[in-house]
Amino acid sequence: MSLAEDSPVHSSSSDDFAAFLDAELDATSDAELDATSDPSSDSEEVTEEQENDDGVLDLEGVKRRKVELSQGTVNPQSYSSPQEEPSQNLGSSVKEDICPHPAAIAGMCVKCGQKRDDVSGVAFGYIHKNFRVGPDEIARVRNIDLKNLLRHKKLYLVLDLDHTLLNSARLLDITVEEGYLNCQMDALPDTLKMSLFRLNWIQMMTKLRPFVHTFLKEASNLFEMYIYTMGERLYALEMAKLLDPGDIYFNSKIIAQGDCTQRHQKGLDVVLGQESAVLILDDTEVVWGKHKENLILMERYHFFASSCKHFGVNCKSLSELRTDESETDGALSTVLKTLQRVHSLFFDEERMDKLEDRDVRQVLKTVRKEVLMDCKVVFTRVFPTNFPAENHQLWKMAEQMGATCSIEVDPSVTHVISVDEGTDKSRWAVREKKFLVNPNWIEASNYMWRRQPEEKFPVSLAKSKPIHLNDASNIS
């Protein structure tokens, strides 16, 4: 029996762990065989139960018991003899002290087979049930996997599900204006026939984001990909079937809410990849408190009305408008270009440093700074009175994209960011033929990773009505 076959994961570092379990079982058996053949070895005696009729150590029996213990099919106490001699207990203790206990399944060390009450480390339940790995072993496997991945010119990509790759709604939340979505498949518009799914068994309707299949295919050539969602595992697995029906991209590397080690937070501690080689796509920044430098923030995909309502978006949903994001200029198409750019710079052969010393987070910063590199912006009527401008999110966002921010106008200013064209600075911009745009220009440029056409973000006398980024006509 192979633990690698029993594990739901069969690729990269996740598969390495499953293979590791098999290897350790084999290695333990080999070590015990050597011990019995070496007359100088007396660290552990062979019990009757471990011998066959010829007096040879029953290695397959030892291995089988470890696998059975790992699956929880037997009581670990059933392998302990009540008549154990003190020398046997001492031998077992010596063995336990020597073993580093790198990982455990159901509390049993996968290396020495000892039952442990003080198992520490990180739980990797999505790899194998009740599987927990110690920090040293995690570091070892990550280092090995990184070297292997770099040889194949790949990095890691962690993908959120909801509002990033797709949008789901409960069937009971479908509005009257969205009623056409309940029609038979043949009656649906062509654009929906291959991307809209009614999942009666979980009472959900799911719409895949335009370009998602092409995105996954292209990204898989550059990245080892994970799904990481705050949703339940059952839901995550169903969504993975829609995104990856051939089980090509994720190989069940699907991390769900129950795998998180911190409440309401996502973390890379359960991802078997070095943080320096991981990129994240997610629509929610706050859940990645410790890993914002790895994050590419995605524009939320609001196809269903219930999604707009949940996030307080005061406009009709894409489904109610009977439209959708652009395949060629939408969020996934745009972010794919960014990922390709980051990947290209990371593996640039003209760089003098070693591959393993490079950090994708620094590359991401470099690419982000190219967006507004030659812009100098001034804000007017955007921040609350007496609020430190440099602490505002828009100010920080502009600087991250390479813009220079100022509170005063001068000839070097290129853009005035305003919500009212009647302010002194707004009038100055018009008079000096500078760009006058509303704050959504910065946000759109940030989401789309390129400077947006200023004429699509005008400023009026009254406070600008917020331009929702779901409206593809505002983004290019």
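Just so you know, these numbers come straight off a predicted model, no measurement behind them. (Residues numbered from 1 in each chain as written. Predicted model: local features only at pLDDT ≥ 70, side-chain atom pairs only at ≥ 80, totals over all residues. Heavy atoms only, no water.)

Notes on the overall build of the protein chain
Regarding its fold elements, the protein chain presents 15 helices and 16 strands. When burial is assessed residue by residue, the protein chain has 50% of its 476 residues classed as buried. Summarising the internal contacts of the protein chain: among those between residues at least 6 apart in sequence, 65% fall at separations of at least 24. Carbon together with sulfur atoms contributes 50% to the accessible area of the protein chain, which is approximately 23800 Å² in total. (Helix = DSSP H or I, 4+ residues; strand = E, 2+ residues; numbered from the N terminus. Buried < 20%, exposed > 50% of the residue type's maximum accessible area, 1.4 Å probe, protein only. Contact = heavy atoms within 4.5 Å. Areas by Shrake-Rupley, 256 points an atom, 1.4 Å probe, with all protein chains shown as cover.)

A look at the packing of aromatic side chains
In the structure shown here, the tally under the stated rule is 8 aromatic pairs. Both rings, one in tyrosine 228 and one in tryptophan 288, keep their centres 5.3 Å apart while their planes meet at 80°; by these two values the pair is edge-to-face. With tyrosine 228 in strand E9 (residues 223–228) and tryptophan 288 in the loop between strand E11 (278–282) and strand E12 (295–297), this residue pair connects regions lying 60 residues apart in the sequence. Accessibility assignment for this pair places tyrosine 228 and tryptophan 288 in one class, buried. With a centroid separation of 6.2 Å and 35° between ring planes, the pair formed by tyrosine 301 and phenylalanine 303 is classed as tilted. The same class applies to tyrosine 301 and to phenylalanine 303, which are both buried. Each residue in the set Tyr301, Phe303 and Phe304 is aromatic and connected to the rest through ring pairs, giving one cluster. When the ring centre of tyrosine 226 is taken as origin, the NZ or CZ atom of lysine 253, which lies over that ring, is 5.8 Å away. Across the ring face of tyrosine 180, the terminal group of arginine 322 is positioned such that the distance to the ring centre comes to 3.9 Å. (Phe/Tyr/Trp six-rings, centres within 6.5 Å; stacked < 30°, edge-to-face > 60°. Lys NZ or Arg CZ within 6 Å of the ring centre and 35° of its normal.)

Focus: the packing of helix H11 (residues 331–346) against helix H12 (residues 360–369)
At a minimum axis separation of 9 Å, H11 and H12 run at an interaxial angle of 120°. With respect to H12, the element H11 is oriented oblique. Crossing of H11 against H12: the hand is right-handed. Touching Thr338, Arg341, Val342, Leu345 and Phe346 of H11 are Val360, Val363, Leu364 and Val367, all from H12. Looking at the contact of H11 with H12, its residues break down into 7 nonpolar, 1 polar and 1 charged. (Axes fitted to C-alpha atoms, helices over the stretch in contact; angles between N-to-C directions. Parallel < 35°, antiparallel > 145°, perpendicular 65-115°, else oblique. Left-handed = near helix turned anticlockwise from the far one by under 90°. Nonpolar A, V, L, I, M, F, W, Y, C, P; charged D, E, K, R; others polar.)

Points about the nonpolar core
Formed by 75 residues in total, the largest nonpolar core has its most connected members in Leu157 and Phe215. Sort the elements by how many residues they give to this core and H11 lands first, with 7 residues. Non-local contacts of phenylalanine 215, meaning those with residues more than four positions away in its chain, are made with Leu157, Leu159, Leu165, Leu281, Leu332, Val335, Leu336 and Leu339. (Core = buried A, V, L, I, M, F, W, Y, C linked by side-chain atoms within 4.5 Å.)

Here's the deal with the pairing of strand E7 (residues 196–199)
Across 4 bridges, the pairing between E7 and strand E8 (residues 204–208) is antiparallel. Along E8, the bridge assignment pairs leucine 196 with lysine 207. Connecting the antiparallel pair E7 and E8 is a turn made up of 4 residues, with glutamine 203 showing a positive phi of about 55°. (Pairing = 2+ DSSP bridges.)

Brief notes about the sheet that holds strand E5 (residues 155–159)
The 5 strands lie next to each other as E10-E9-E5-E11-E12, forming an open sheet whose pairing is parallel. A strand with exactly one partner marks an edge of an open sheet, and here the two such strands are strand E10 (254–255) and E12. Relative to E10, E9 runs parallel, the two sharing 2 bridges. Within E10, the position partnered with isoleucine 227 by the bridge is isoleucine 254.

Points about the side chain of serine 319
Structurally, the position occupied by serine 319 is in helix H10 (residues 318–321). Judged by its relative accessible area of 0%, serine 319 falls in the buried class. One polar contact links the side chain of serine 319 to the main-chain carbonyl oxygen of phenylalanine 303, over a distance of 2.8 Å. Those residues in contact with serine 319 that sit more than four places away from it in its chain are Glu178, Tyr180, Leu181, Phe303, Phe304 and Ala305. (Polar contact = N/O pair within 3.5 Å; in protein donor to acceptor, adjacent residues only side chain to side chain.)

Observations concerning helix H14 (residues 424–431)
Among all positions of H14, only Ser426, Trp428 and Ala429 are buried. Viewed along the axis of H14, the buried residues span an arc of 160°, placing them on a single side of the element. H14 presents Asp424, Val430 and Arg431 as exposed residues on the side facing more than 90 degrees away from its buried surface. The elements touched by buried residues of H14 are strand E13 (376–380), strand E15 (415–418) and strand E16 (435–437). Where H14 ends, the next residue or the one after it, lysine 433, has phi of about 60°, a positive value. (Arc of directions from axis to C-beta.)

Purely geometric stuff here, so don't read any function into it on its own.
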